[in-house]
Amino acid sequence: PTLKYKRYHKTNPQVWVNFPFHRIKLLFDSGAIGGDFDLPEYIMSIWANNYPELGQKMDEYTVLKDTTVYNSAGLFGRLNDTVPYRVFHCPEVEMGGITFTDVWVSTDNRTGKVGSAILKKNSLIIDGHKRKLVLLPHDGNTVQYYGNEDKRGVKFLLADKNDTLGVIKAVVRKDGDAYRKGIRNDDYLIRINDVEITDYCTYLNLKNNVRANNDSPLRYVFRSPEGEIKEMEW
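Values in this document were obtained by computation on a predicted structure and should not be read as measured data.

Draft legend 1. Region of the structure containing the overall build of the chain. When helices and strands are counted, the chain shows 4 helices and 17 strands. The proportion of buried residues among the 234 residues of the chain is 41%. Contacts in the chain between residues at least 24 apart in sequence constitute 55% of all its contacts with a sequence separation of at least 6. Counting every atom, the chain has about 12900 Å² of accessible surface; 47% of that belongs to carbon and sulfur.

Structure (structure tokens):
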């Protein structure tokens, strides 16, 4: 199957993805480690508010509505903001002639992308000369089962600069593995494997670089504000 699009850019490949409620153009981001489909929450909110029938259809496939904390850190400081969050369960998602079944899709801040989890069962060829993407399933089958592979249900934000208990705190969804394993909002992430988390850059380096080069689960160690130690792997 070939994924074609009108605006080709060799460093910014975008593809059309058919979800049960709408057709959406997403960035094909193979660097999005562990993810499959992420939908931009702000677009979902606009659709739900402006088009009641579309909003109702989206609600039919929604298994969770929640709020989480979006965090960013950069040259100009850091930003903590509470934003809506939604999880869809889609029986089928179609992209370029390949059908993905039993797909769990989460919304993110302003990002809409197809991630590297798709490449676990498929191969992507970016043909810049012919201005197209080619997606080929490893087993030749154009129907791919995905299931709920990413169900950790935890994100992280920077603690307040005056916080003496830790530097990174957990934000936990009630439907995820983290909650079932005892991790709660405001638990501090204190260690990944044997590396102490003393700053945000250390956390980013471990999460991105170690995960990208290591298929083994990482051991996350938390400490509650009351001092209880908790662990989970993913």
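Having put the structure on the table, let's press on.
Draft legend 2. Local environment of the packing of aromatic side chains. Scanning all chains against the criterion turns up 10 aromatic pairs. Ring centres of Phe21 and Tyr61 lie 6.4 Å apart, and the angle between their planes is 50 degrees; this geometry places the pair in the tilted category. Residue Phe21 is found in the loop between β2 (14–18) and β3 (23–28), and its partner Tyr61 is found in the loop between α2 (52–60) and β5 (62–74); the two are separated by 40 residues along the sequence. Assessed through its relative accessible area of 21%, Tyr61 is described here as partly exposed. Pairing Phe156 with Tyr220 gives two aromatic rings, centres 6.2 Å apart and planes at 10 degrees, and the pair type is stacked. Within this pair, whereas Phe156 is found in strand β12 (residues 154–158), its partner Tyr220 is found in strand β16 (residues 219–223), the two being separated by 64 residues in sequence. The ring of Tyr146 carries Lys121 above its face, with NZ or CZ at 4.5 Å from the centroid. Of note, Arg184 hangs over the ring of Tyr179, and the distance from its end group to the ring centre comes to 3.7 Å.

Draft legend 3. Looking closely at α2. Three or more residues of α2 are buried, namely Leu54, Gly55 and Met58. Buried residues of α2, seen end-on, are gathered within an arc of 100 degrees and therefore sit on one face of the element. Turned more than 90 degrees off the buried face of α2, the exposed positions are Pro52, Glu53, Gln56 and Glu60.

Draft legend 4. The pattern of salt bridges, seen in detail. Tallied over the full model, the rule gives 9 salt bridges. When the shortest N-O distance is used, the salt bridge between Lys113 and Asp38 registers 3.1 Å. Here Lys113 is found in strand β8 (residues 113–114), whereas its partner Asp38 is found in strand β4 (residues 37–40), with 75 residues between them in sequence. For Lys113, a relative accessible area of 12% translates into the label buried. The salt bridge involving Arg219 is made with Glu231; its shortest N-O contact spans 3.7 Å. Of the two residues, Arg219 sits in strand β16 while Glu231 sits in strand β17 (residues 229–233), which places them 12 residues apart along the sequence.

Draft legend 5. Representation of the confidence of the model for the chain in the model. Averaged over the chain, the pLDDT score is 82; the fraction of residues at 70 or greater is 81%. Throughout residues 1–8 the model reports pLDDT below 50, and contacts reaching past four residues in sequence, or to other chains, amount to 25 contacts.

Draft legend 6. Main features of the nonpolar core. By size, the foremost hydrophobic cluster in this structure holds 26 residues, and its most contacted members are Phe19, Phe21, Phe37, Met95 and Phe100. Contributions of two or more residues to this core are made by β2, β3, β4, α1 (41–50), α2, β6 (77–95), β7 (98–108) and β10 (132–137).

Draft legend 7. The side chain of Asn122, seen in detail. Within the secondary structure layout, Asn122 lies in strand β9 (residues 122–127). Asn122 gets classed as buried once you look at its relative accessible area, which sits at 1%. Within polar-contact distance, the side chain of Asn122 engages the side chain of Tyr146 at 3.2 Å. If we ignore the near neighbours within four places in the chain, the residues touching Asn122 are Ile98, Phe100, Leu135, Leu136, Pro137, His138, Gln144 and Tyr146.

Draft legend 8. Layout of the pairing of β7. Within β7, 8 of the 11 residues are buried, which leaves it mostly tucked inside the rest of the structure. Where β4 meets β7, 3 bridges bridge the pair, whose relative direction is parallel. When the bridges of β7 are listed, Pro40 appears paired with Asp108. Sheet topology places β7 next to strand β11 (residues 143–147); 4 bridges connect them, and they run parallel. Residue pairing for β11: Thr99 is matched across the bridge by Val143.

The rules behind these values
- Every chain is numbered on its own, with residues counted from 1 as its sequence reads.
- Only residues with pLDDT of 70 or above have their local features reported here, since the model is predicted, and side-chain atom pairs are shown and tallied only from 80 upward, although totals for entire chains, interfaces and linings are computed over all residues.
- Side-chain numbers come from the whole structure's heavy atoms, not from hydrogens or water.
- Numbering of helices and strands starts at the N terminus; helices are DSSP runs of H or I of at least 4 residues and strands are runs of E of at least 2.
- Partly exposed describes any residue whose relative accessible area lies between the buried limit of under 20% and the exposed limit of over 50%, with all areas from a 1.4 Å probe on protein chains only and scaled to the type maximum.
- Residue contacts follow a heavy-atom distance rule, with two residues in contact if any of their heavy atoms lie within 4.5 Å.
- All accessible-area figures derive from a Shrake-Rupley calculation using a 1.4 Å probe, and residue coverage is judged against the displayed protein chains alone.
- Ring pairs are drawn from Phe, Tyr and Trp, using the six-membered ring of Trp, whenever the two centres fall within 6.5 Å, and their geometry is named by plane angle: stacked under 30 degrees, edge-to-face over 60, tilted for the rest.
- Ring-over charges, as used throughout, are those where CZ of Arg or NZ of Lys falls within 6 Å of the ring centre and within 35 degrees of the ring normal.
- Arc, as used here, means the arc of the directions from the helix axis to the C-beta atoms.
- Here, a salt bridge means any side-chain nitrogen of Lys or Arg that lies within 4 Å of a carboxyl oxygen of Asp or Glu.
- In predicted models, pLDDT denotes the confidence assigned by the predictor to each residue on a 0 to 100 scale.
- The nonpolar core is taken to be a set of buried Ala, Val, Leu, Ile, Met, Phe, Trp, Tyr and Cys residues, with the residues joined through side-chain atoms within 4.5 Å.
- Polar contact is the term for a pair of N or O atoms within 3.5 Å; when the atoms are in protein, one must be able to donate a hydrogen and the other to accept it, and sequence-neighboring residues count only if both atoms are side-chain atoms.
- Here a strand pair is declared whenever DSSP counts at least two bridges between the two strands.

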